[in-house]
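Residue strings, one per chain:
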Amino acid sequence: MDDITAMLRRSYDEAPYPGRAYAHTHPDYMAALATLLGLNPPPVAHCRVLEIGCAAGSNLIPMALSLPEATFVGIDLSPRQIADGRRIIETLGMTNVTLLVRDVQEVGDELGQFDYIIAHGVYSWVPAPVRDRLMALTKRSLASHGIAYISYNTYPGWHILGALRDLMIYAARGVEDPRERARIALALLDMLAESDSENANAFHSFLAAYAGQFRSVLSRLGSLSHAFLIHDALEVVNEPVSFAQFAAHAAQHGLQYLSETEFPMVLPLGLKPETVDAIRSFSRSGIDLEQYMDFLRGRQFRQTLLCHDHVTVRRTLRPERLMGMSVAALMHPETQPLDLAGSEWVVFRNLHGVAFSVSAPITKAALICLAEASPRAVAFEDLVVAAQRRAVAAGASLEDTEPSALARRLGGDLLRAFATATSLVSFHLHPPAVATRPGERPKVTPLARLEAQHGEEVTNLYHDVISLDPFDRHLVQSLDGRHDRRALEEMMAAAVTAGEVPYAGDDGRAASLAGLAADIEQRLNWFAQVALLVE
Ligand SMILES: C[S@@+](CC[C@H](N)C(=O)[O-])C[C@H]1O[C@@H](n2cnc3c(N)ncnc32)[C@H](O)[C@@H]1O
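Residues numbered from 1 in each chain as written. Predicted model: local features only at pLDDT ≥ 70, side-chain atom pairs only at ≥ 80, totals over all residues. Heavy atoms only, no water.

Draft legend 1. Representation of the site of the ligand in the model. Contacts to the ligand come from 19 residues, most closely from Tyr22, Gly53, Asp76, Val104 and His120. Between an oxygen atom of the ligand and a side-chain N or O atom of Asp76, the distance comes to 2.6 Å. Between the ligand and Asp103 there is a distance of 2.9 Å, counted from a nitrogen atom to a side-chain nitrogen or oxygen. Bound to the protein, the ligand loses 98% of the 590 Å² it would expose on its own. Among the residues forming the shell around the ligand, the class breakdown is 9 nonpolar, 6 polar and 4 charged. (Near = heavy atom within 4 Å. Polar contact = N/O pair within 3.5 Å; in protein donor to acceptor, adjacent residues only side chain to side chain. Areas by Shrake-Rupley, 256 points an atom, 1.4 Å probe, with all protein chains shown as cover. Nonpolar A, V, L, I, M, F, W, Y, C, P; charged D, E, K, R; others polar.)

Listed below in structure tokens is the structure:
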């Protein structure tokens, strides 16, 4: 093992990485996006997945729980992290996931072929020769129609973040203890974030703005912010690459660029038409065009999907590719009452406030059907039928319209939503069995109960992270499907009375438990809404 790799191994052993589930690495997400781009990816239910640099398996373990018939292998350099992950696997009694201590440079063909390969937060955090081995392993181990996900820090955003990193490393020079280094770096970031002034030059203002942005990412991480800083800002290797360099590296290994997982980023959105024309005239390829957009957007991080170079990619999204998929969306119309029969434009918004304008009655009706089914995904073909019925009942003259014409119109609109923001609509080939509302004895996954015991973040059934307050954390730990409302209320009341859970009812008075039942009900409904409850 080379010296730098040995240093990295020590560093991750000393301060394990605060990993989590990354929604866009889930095979279901990759497969759905690949299908939209004209590929025929391996079926998700029985797939084989490799994660390179899996740390303690925080991404791989929830994925493996969600696909019990599929097989998962994670490799990582750090024995401590692998041991931590294995303990969780053992506690949960899982048999479809294996974590191995391996340097990516030393992996041969013994692990076999994989339908989906993931390397999140590894590529630009290892030296160039290791990056090359990672790409070579991806090429060698990826099944013929498989999809690989690789994320990396990128330019131009990292020119400024790199300047911040240099400053933090400078401030912490000579300090050995990683936690103390993180504390110093954090103090420096705070100072810089507050340092902008009228007299600051453009570079200083830039630096202050980026410091503020970095600071807010860290505050969202709460108690994990030090571990994040140790590795993401202060680690011995952090070598961002431009998108064009990355795509060229993949091409050298016989892999081609498929898409960014954040699909709207591949489109020239938010730019003036003249600017789009200009960058098109500079661009000699689609890769070039995205590279110019990265420059204009100050891109810092990419999550790129790759496939073999023999695969045909069809970049124009077509509604017919939604056949066989399921759709989930939660948007509400701004205008009430909603006229489902008319064709005037109506703005729908999701819970993040992202807007989507719709005029077709079939789409308005479909969005209402999806909101009612949320968070469950509905088969696209069933959605067309349900939305037609709903629109006709509301007076729309769609009774005699061919289902294929309605599917084209609705499909086109749903793809337009996806191309606006991936948070507006999601497509699935293997949707999770999620409960729409809390049943008599509500239940979360055993993993969510375990996660709630140890921290503020739990993984939902769409492989996304949900943050919980102390009250929610306690409640989630009791949701094993054995307790009815009365039992839950008794358990929570006991915990509040014993001072284990802070509780301040609606009126803010901690002593009163009068509103407890209603509060529990409200939290259970929220858990259902954020896809934490299993059927
Ligand atoms: C920044 S962390 C990311 C962890 C995890 N993938 C995530 O994103 O939450 C990088 C991980 O790559 C691992 N790593 C670094 N060099 C490696 C190598 N040569 N072979 C295997 N794993 C390596 C580290 O041990 C560490 O767990």
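Draft legend 2. Highlighting the environment of Ala15. Inspection of the secondary structure puts Ala15 in the loop between helix H1 (3-14) and helix H2 (27-36). Taking the C-alpha atoms as reference points, Ala15 and Gln81, separated by 66 residues in sequence, lie 9.2 Å from one another. (Helix = DSSP H or I, 4+ residues; strand = E, 2+ residues; numbered from the N terminus.)

Draft legend 3. Broad picture of the side chain of Asp480. If you trace the backbone, Asp480 turns up in the loop between helix H17 (470-477) and helix H18 (485-497). Looking at Asp480, the relative accessible area reads 17%, which means it is buried. A polar side-chain atom of Asp480 sits 2.8 Å from a polar atom in the side chain of Arg482. Residue contacts for Asp480: discarding those within four places in its chain leaves Pro442, Lys443 and Arg449. (Buried < 20%, exposed > 50% of the residue type's maximum accessible area, 1.4 Å probe, protein only. Contact = heavy atoms within 4.5 Å.)

Draft legend 4. Highlighting the sheet that holds strand S9 (residues 331-333). Here we have 3 strands laid out as an open sheet, ordered S9-S10-S11, and antiparallel in their pairing. Taken across any chain shown, the strands that pair with only one partner, and hence form the sheet edges, are S9 and strand S11 (355-358). On average, each strand axis in the sheet is tilted by 35 degrees relative to the strand beside it, whichever way the strands run. Bridging between strand S10 (residues 346-350) and S11 involves 4 bridges; their strand directions are antiparallel. Its bridge partner lying in S11, Val347 is registered against Ser357. (Pairing = 2+ DSSP bridges. Axes fitted to C-alpha atoms, helices over the stretch in contact; angles between N-to-C directions.)

Draft legend 5. Structural detail: the packing of aromatic side chains. By the definition in use, this model includes 11 aromatic pairs. Ring geometry for Trp526 versus Phe527: centroids 5.9 Å apart, planes at 55 degrees, classification tilted. Note on Trp526: relative accessible area 23%, which makes it partly exposed. Connected via pairs of aromatic rings, a cluster forms that spans Tyr123, Tyr152 and Phe246. The ring of Tyr123 carries Arg131 above its face, with NZ or CZ at 5.7 Å from the centroid. In this structure, Arg173 is placed above the aromatic ring of Tyr170, and the distance from its NZ or CZ to the ring centre is 4.1 Å. (Phe/Tyr/Trp six-rings, centres within 6.5 Å; stacked < 30°, edge-to-face > 60°. Lys NZ or Arg CZ within 6 Å of the ring centre and 35° of its normal.)

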